Each structure stands twice: as structure tokens, then as C-alpha cells.
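Structural description and commentary
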Amino acid sequence: NSLEAQNRFGFGLGILGKFNISRYLAIVPRPTIYFQQDQVAVDLENQANYEEEIKPVAIAIPIHLVFTNCKWEKWNPSAAMGARYVHGFSDPSVSSQIALQNHDFAIDFGAGVEVKFDRFKMKPELLFSKGLTNLKRSNNRASLVDTVFESIHQDQIAFRVLFYN
């Protein structure tokens, strides 16, 4: 028995915010709506194989502490660490075989570099998010994939580019 999940590319649209605590430390909330596409393939011994596409839509509310150790003229490296709450809007009843919880909590950490241009700033970031919640929904009846896995946790690696003034 095996389970293979393939995360494909998605995109998000969010609001930038920043509250400076000191010259080097800031609290950064970034509420974001995400659109993704995932595919799950289950290979069961002595039974038919099963594949399903999942297209989750979710709102994430991350709150990060961002540390900036220097303020150079053209670029500014930073490190981020914090937590995020995610609420999914996908209907769990749409899938008869894979039912997931609509709530998740995660711990995030990452790094980025702010690049200053004449009229705007650009900040590419690499962020890792470790899911803490078991996303498997417990059903009254056993589904086809319940025999393959006991828990599902969503870990995510995101590369994002922020533009702001």
C-alpha cells in the first residue's frame, strides 16, 4: 500500500503589513488567499488504484517576527519566524475518499532580501511552513484510503516575491 501526494504550483494574493518594534525587529501580518492544485494517488494491494485531484482554496493568516540585521543602501537581508492559521474553503463532502479538515496551524521560518529600486522595493523570500494539525477527517465509516495512512500534515515550501513602496 502506498500514498503519493503531488503538490502543484498555486498562487496567492495578500495584504502587506508591518509594525516596527525596533530598528531591527518587526511584526509582519500578511493575510493571504491561496489557490492550489494537488493530486493524490493511492496504490492498494489487491484493490483498484485510486487517484483524485484536490483544488483547495484557503485563507492564511500568518504573523511573523522579521529580524533585519543591517540596513544597507540597495539591499537588506532578513530572517522570519512565526505562526500561521489556515482556514480552507473546500467542501470536504466533494471527495468521497479523501476528507480533510478545514483548519490548520503551522510554524513558519524563512529568509529574504529586500532590494531597493528608485520607485519601489522588491523582496524575494523563501519560506518553509510545517503543518501541526492532523488534517485527516475522522469519518464514521472507513474509506478506501483509511487503510493507507493514519495522519496527514501539510508542509509547504514557498518562494514568493513581494512588491511594495
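Residues numbered from 1 in each chain as written. Predicted model: local features only at pLDDT ≥ 70, side-chain atom pairs only at ≥ 80, totals over all residues. Heavy atoms only, no water.

Right, let's get into the overall build of the protein chain. Each helix and strand counted, the protein chain has zero helices and 12 strands in total. Taken from the N to the C terminus, the helices and strands of the protein chain come in the order β-β-β-β-β-β-β-β-β-β-β-β. Of the contacts formed within the protein chain by residues at least 6 apart in sequence, a portion of 62% connects residues at least 24 apart. Per element, the accessible surface of the protein chain, about 10700 Å² overall, is 59% carbon and sulfur. (Helix = DSSP H or I, 4+ residues; strand = E, 2+ residues; numbered from the N terminus. Contact = heavy atoms within 4.5 Å. Areas by Shrake-Rupley, 256 points an atom, 1.4 Å probe, with all protein chains shown as cover.)

All right, on to the packing of aromatic side chains then. All told, the structure shown has five aromatic pairs when counted by the stated rule. Measuring from ring centre to ring centre gives 5.0 Å for Phe-117 and Phe-120, while their planes differ by 25 degrees; the resulting arrangement is stacked. Feature note: the residues Phe-117, Phe-120 and Phe-163 constitute an aromatic cluster, connected by ring pairs. (Phe/Tyr/Trp six-rings, centres within 6.5 Å; stacked < 30°, edge-to-face > 60°.)

Glancing now at the pairing of strand β11 (residues 121-131). Here nine bridges tie strand β10 (residues 103-116) to β11, and the two strands are oriented antiparallel to one another. Across the sheet, the residue bridging to Gly-110 is Leu-127, located in β11. In this antiparallel pair of consecutive strands, β10 and β11, the connection spans four residues. The pairing of β11 with strand β12 (residues 155-164) spans 10 bridges and is classified as antiparallel. Within the sheet, the bridge partner assigned to Phe-128 lies in β12 and is Ile-157. (Pairing = 2+ DSSP bridges.)

This next bit is on the pattern of salt bridges. Counted by the stated rule, this structure contains five salt bridges. The residue Arg-160 makes a salt bridge to Glu-125 at a minimum N-O spacing of 2.7 Å. Of this pair, Arg-160 sits in strand β12 while Glu-125 sits in strand β11, and the two are 35 residues apart along the sequence. Grouping residues by exposure puts Arg-160 and Glu-125 together as buried. Through salt bridges with shared partners, one network takes in Arg-30, Lys-123, Glu-125 and Arg-160. (Salt bridge = Lys/Arg side-chain N within 4 Å of Asp/Glu carboxyl O. Buried < 20%, exposed > 50% of the residue type's maximum accessible area, 1.4 Å probe, protein only.)

With that settled, the discussion passes to the side chain of Asp-108. Here Asp-108 lies in strand β10. In this structure the side chain of Asp-108 is engaged in a polar contact, spanning 2.8 Å, whose partner is the side chain of His-64. Reaching out from Asp-108, the side chain makes a polar contact with the side chain of Arg-84 at a distance of 2.8 Å. The contact partners of Asp-108, leaving out residues within four places of it in the chain, are Pro-62, His-64, Ala-80, Met-81, Gly-82, Ala-83, Arg-84, Leu-127, Phe-128 and Ser-129. (Polar contact = N/O pair within 3.5 Å; in protein donor to acceptor, adjacent residues only side chain to side chain.)

Another point: a nonpolar patch on the surface. A surface patch of nonpolar side chains, amounting to about 980 Å² of accessible area, comprises Phe-19, Ile-21, Tyr-24, Leu-25, Ile-27, Ile-59, Ile-61, Ile-63, Leu-65, Phe-67 and Phe-89. Counting residues per element, the ones that place at least two in the nonpolar patch are β4 (25-29) and β8 (57-68). Broken down by element, the residue count for the nonpolar patch peaks at five residues, all from β8. Within the secondary structure, Phe-89 sits in the loop between β9 (75-88) and β10. (Patch = residues over 30% accessible without salt bridge, like charges linked within 9 Å, V, L, I, M, F, W, Y side chains within 5 Å.)

Within the secondary structure, Ala-26 sits in strand β4. For Ala-26, a relative accessible area of 3% puts it in the buried group. What Ala-26 contacts, discounting residues up to four positions off in sequence, is Lys-18, Phe-19, Asn-20, Ile-21, His-64, Leu-65 and Val-66.

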